[in-house]
Amino acid sequence: MTGPTNGCSDIEFLENVMKKILLASVAIVGMAAIVPAQAADLAARPYTKAPVYEAAPIYNWTGFYLGGHVGGAFGGDHNLAAPGFTRNGNDGVFMGGGQIGYDYQFSPNWVFGIGANYSFLDTNDHPFVNRGLGSVTGRLGYTWGPALLYAKGGYAWADTRNTNGFGGDTFSNNRIGRDGFTVGGGLEYMFTQNWSGLIEYQYYDFGTTRTTFRNQDVRFRNDEHTIKVGLNYRFNWGAPVGPRY
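The structure reproduced in this document is the subject of the present report. Worth saying up front: this structure is predicted, and the values here are computed from it rather than measured.

Comments concerning the pattern of salt bridges
- Following the criterion strictly, the structure yields 7 salt bridges and no others.
- With a shortest N-O distance of 2.6 Å, arginine 234 and aspartate 103 are connected by a salt bridge. Of the two residues, arginine 234 is situated in strand S12 (residues 216-234) and aspartate 103 in strand S4 (residues 93-105); the sequence distance between them amounts to 131 residues. The burial state of arginine 234 is the same as that of aspartate 103; both residues are buried.
- Across the pair lysine 152 and glutamate 200 runs a salt bridge whose closest N-O atoms are separated by 3.2 Å. With lysine 152 in strand S7 (residues 147-159) and glutamate 200 in strand S11 (residues 195-213), the pair connects residues that are 48 residues apart, well separated along the chain.
- For lysine 152, a relative accessible area of 13% puts it in the buried group.
- Given the relative accessible area of 6%, glutamate 200 is considered buried.
- In the salt-bridge network here, residues are joined through shared partners; they are Asp103, Arg139, Glu188 and Arg234.

The structure is reproduced here in structure tokens:
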């Protein structure tokens, strides 16, 4: 800093310096007050909520189920014990019944189960034919979400209490029932965790039946084709396999 010039005294020189320092300080303080105020006037950065990823519904096929079904039954060619059998062929008849079983979902996409069902056949007009069909089967299915495509097979039984007389002739069979096998498949769809609907085809084979008609031995193959729709209530007592994303 240079000393006083142009004839100024030391006191005047110091006063001038102090004024300049004071003015600079006031300017700095003013700027410090203005900058935060301007920053406060700026719009706040909008808040963006992170997207929410929801887990897909868990379709648990493990557990017991109980249900009912309706449908139609059709006999094989030339099956005298078929419901609705006529000389010109085999007319189908109405059937209805129930089913019970248990399924186990042992992986995200595979289900194994065991079940039993019985169907009453509308044979009032033909009392000499099969009156009911039952089965105990295992099934293996592939599931994706609420749908289950499956195949089944196992033991079958037919109510063949058909000892009757008609038109002066005797159509007799001393057996109360016949044992056989059954195979089939279907599609089941889970509407909720507790309710599912199904459509199913099932074939029954009871081998060859021997009977007496007009004092002659008659042999014919006793087999049935059925198709039905049903509704199951699922208790879902098993643990879910896990969520799918």
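On we go.
Regarding the pairing of S4
- For strand S1 (residues 63-75) and S4, the ladder comprises 11 bridges, and the chain directions are antiparallel. Across the sheet, the residue bridging to histidine 69 is glycine 97, located in S4.
- Bridge count between S4 and strand S5 (residues 110-121): 11 bridges; the pairing is antiparallel. From the neighbouring strand, methionine 95 faces S5, where its bridge partner is leucine 121.

Focus: the packing of aromatic side chains
- Counted by the stated rule, this structure contains 8 aromatic pairs.
- Look at tyrosine 233 and phenylalanine 235: their rings are 5.1 Å apart centre to centre, the planes differ by 80 degrees, and that puts the pair in the edge-to-face class.
- On the basis of relative accessible area, tyrosine 233 is assigned to the partly exposed category, the value being 30%.
- For the cation-ring pair, arginine 139 lies above tyrosine 150, with the distance from its terminal atom to the ring centre recorded as 4.4 Å.

The rules behind the values
- Residues numbered from 1 in each chain as written.
- Predicted model: local features only at pLDDT ≥ 70, side-chain atom pairs only at ≥ 80, totals over all residues.
- Heavy atoms only, no water.
- Salt bridge = Lys/Arg side-chain N within 4 Å of Asp/Glu carboxyl O.
- Helix = DSSP H or I, 4+ residues; strand = E, 2+ residues; numbered from the N terminus.
- Buried < 20%, exposed > 50% of the residue type's maximum accessible area, 1.4 Å probe, protein only.
- Pairing = 2+ DSSP bridges.
- Phe/Tyr/Trp six-rings, centres within 6.5 Å; stacked < 30°, edge-to-face > 60°.
- Lys NZ or Arg CZ within 6 Å of the ring centre and 35° of its normal.

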